[in-house]
Amino acid sequence: MKKIVFAATFFLINSLLVLGNEIPDVNIRIANYKDDKVSALSYTFDDGMKEHYTLAVPQLEKYGFRGTFWIIGSTINEDSQHITDTTHMTWEELRIMAEKGHEIASHTWSHQNLVKITREEAVKEIEKNDSIILEKVGLIPISLCYPYNAKNDEIIALASKNRVGTRLFEFAIGTESTIESLNKKLKEIIDNREWAVAMIHGINYGYDAFPDPNVLWNNFEKVKALDNQIWVGTFSQVASYIAERDNIQLNTVKEQGKVTVTPQLSLDKNLFKEPLTAIIETTGVQSFEIQQGGKKITPKVLSDKVIFDFDPFGGDIQITYK
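Being a predicted model, the structure only gives us computed values, none of them experimental. Throughout this description, residue numbers start from 1 for each chain and increase along the sequence as written. In keeping with the model being predicted, local features are shown solely for residues with a pLDDT of at least 70 and side-chain atom pairs are shown and tallied solely at 80 or more, while totals for entire chains, interfaces and linings include all residues. As a convention, hydrogens and water are excluded, and side-chain values are obtained from all of the structure's heavy atoms.

**Digging into the overall build of the protein chain**
- Where helices and strands are cited, they refer to DSSP runs of H or I of at least four residues and of E of at least two residues respectively, numbered from the N terminus. When its secondary structure is counted, the protein chain shows 8 helices and 17 strands.
- The C-alpha radius of gyration of the protein chain comes to 25 Å, more than 25% above the 20 Å expected for a compact globule of 322 residues.
- A principal-axis box enclosing the C-alpha atoms of the protein chain has dimensions of 100 × 40 × 35 Å.
- Counting the 322 residues in the protein chain, one finds 46% classified as buried.
- Contact definition: two residues touch when any of their heavy atoms are within 4.5 Å. Taking the contacts inside the protein chain whose residues are at least 6 apart along the sequence as the reference set, 73% of them involve residues at least 24 apart. Atoms counted for the radius of gyration: C-alpha only. Globule rule: 2.2 Å times residue count to the power 0.38. Accessible area is worked out with a 1.4 Å probe on protein chains only. A residue is then buried under 20% of its type maximum, exposed over 50%, and partly exposed in between.

See the structure below:
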């Protein structure tokens, strides 16, 4: 009887020693969207309307959002002293928007249907608009949306050169939209865990304008209330994130109390500049220290995981924990 008790006690002590020396298992993956949000939403505005500057931009900024504005270069006013079309913005207004973090992107030079013109004409429409935006705003556009949403494989290939993406899908917000229909759309975005691209034209006037602009402002407010689930980013930000997420490889070396992660990404680092969010899934870890390229990264510690942003081209990530 004494031998049995001794054996059981010996087994229990050994088990506790093994558990006490066990190295916590640390698993790392990339979040589907920034900050591990459930879904993403980009507000995009077509045609460079004056109201986008006077009305939409202040409302976006009220909630901390930034939009994407697809510009037709030939319709933009030179400056406030040379207004040829009061319904469109000036280059100075676009520069101000860009400085505030809004994306100024291409809708081609003169909004021609790219499918119905020659290849040479399509190239000119695309390249001329890129050049004028670079000259007047100071940034070359890295995304594009197609006039009339008209595209084929050849046009997509032309328009995609030196860009993070082009607008291949969208849902309209405008004349037919109601508070109820947009609330339903938000539920679908979250349920489907998708990236939705909102296409907006006129606010009070012009194509697909709102009978009541408060429908749009109410949508901004509702989306802000869903901040823990929906990432609102510019078109280029979300397109970049998704491309990086889908192409990156993480090479991981684990040691006791330390993990070294080497990100490898074959995309053009001059185009794809969006930080990625990493998720650490683990149990039994009390604290983390994370560095990349000698710079400390402050993680966000949640009840069931730890998340942090990193540069996919920034070299090894050193994670120490205890």
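**Observations regarding the sheet that holds strand β10 (residues 249-255)**
- A pair of strands is treated as paired once DSSP finds two or more bridges between them. What the 5 strands build is an open sheet, ordered β10-β11-β17-β13-β14; its pairing is antiparallel. Pairing within the sheet leaves two strands with one partner each, and these edge strands are β10 and β14 (295-297). Across the sheet, the mean angle from the axis of one strand to that of its neighbour is 25°, orientation sign disregarded.
- One ladder, built from 4 bridges, connects strand β11 (residues 258-264) with strand β17 (residues 317-321); its direction is antiparallel. Looking at β17, one finds that K258 is bridged to T320. For helices, the axis comes from a line fit to the C-alpha atoms of the stretch in contact; other axes are also lines fit to C-alpha atoms, and the angle between any two N-to-C directions lies between 0 and 180 degrees.

**Some remarks on the packing of aromatic side chains**
- Ring pairs are drawn from Phe, Tyr and Trp, using the six-membered ring of Trp, whenever the two centres fall within 6.5 Å, and their geometry is named by plane angle: stacked under 30 degrees, edge-to-face over 60, tilted for the rest. Counted under the stated rule, the structure contains 12 aromatic pairs.
- Aromatic side chains F45 and F69 sit 4.8 Å apart centroid to centroid with 10° between the ring planes, which places their arrangement in the stacked category. With F45 in strand β2 (residues 39-46) and F69 in strand β3 (residues 68-71), this residue pair connects regions lying 24 residues apart in the sequence.
- By relative accessible area, which is 0% here, F45 ends up buried.
- A ring pair is formed by W70 and F235, whose centres lie 5.4 Å apart and whose planes are at 70°; its orientation type is edge-to-face.

**Section: the pairing of β10**
- Judged from the 7 bridges that link them, β10 and β11 form a sheet pairing that is antiparallel. When the sheet's bridge partners are listed, N251 is paired in β11 with T262.
- Where β10 hands over to β11, the hairpin turn is made up of 2 residues, of which G257 adopts a positive phi near 75°.

**Re the environment of N270**
- Along the chain, N270 falls in the loop between β11 and β12 (276-281).
- Taking the relative accessible area as the measure of exposure, N270 reaches 58% and is therefore exposed.
- Sequence separation between N270 and N162 is 108 residues; the distance between their C-alpha atoms is 9.5 Å.

**Some words on helix α2 (residues 50-62)**
- Each residue after the first adds 1.5 Å to the expected span of a helix. In this model α2 runs 18 Å from its N-terminal to its C-terminal C-alpha over 13 residues, within 8% of the 18 Å that 1.5 Å per residue would give.
- The largest bend along α2 reaches roughly 40° and is located at A56, with the proline P58 sitting one to four residues downstream.
- Every buried residue of α2 is listed here: E51, H52, A56, V57 and L60.
- Elements that come into contact with the buried residues of α2 comprise β2, β3, α3 (91-99) and α7 (214-225).
- Immediately downstream of α2, the backbone of G64 shows phi near 80°, a positive value. To get the bend at any residue, fit one axis to the seven residues that end at it and another to the seven that begin at it, then take the angle between the two axes.

**Some words on the sheet that holds strand β16 (residues 306-310)**
- Strand order across the open sheet formed by 4 strands is β1-β12-β16-β15, with antiparallel pairing between neighbours. Two strands bound the open sheet, and with one partner strand each, they are β1 (27-30) and β15 (300-301).
- Alignment of β12 against β16, held across 5 bridges, turns out to be antiparallel. The residue of β16 that forms the bridge with I279 is I307.
- Its contacts with the sheet place helix α8 (residues 235-247) against β1 and β12, and it is angled at close to 50° to β12.

**What to know about the packing of α2 against α3**
- The contact between α2 and α3 brings their axes to 10 Å, and the two run at 35°. Between α2 and α3 lies a crossing whose hand is left-handed. Contacts from K50, Y53 and V57 of α2 reach α3 at E93, I96 and M97.
- Here the residues of the contact of α2 with α3 are counted per class, giving 4 nonpolar, no polar and 2 charged. Helix crossings get a hand from a simple test, with the near helix turned counterclockwise from the far one by less than a right angle marking a left-handed crossing and a clockwise turn marking a right-handed one. Basically, the charged four are Asp, Glu, Lys and Arg, the nonpolar ten are Ala, Val, Leu, Ile, Met, Phe, Trp, Tyr, Cys and Pro, and anything else, Gly included, counts as polar.

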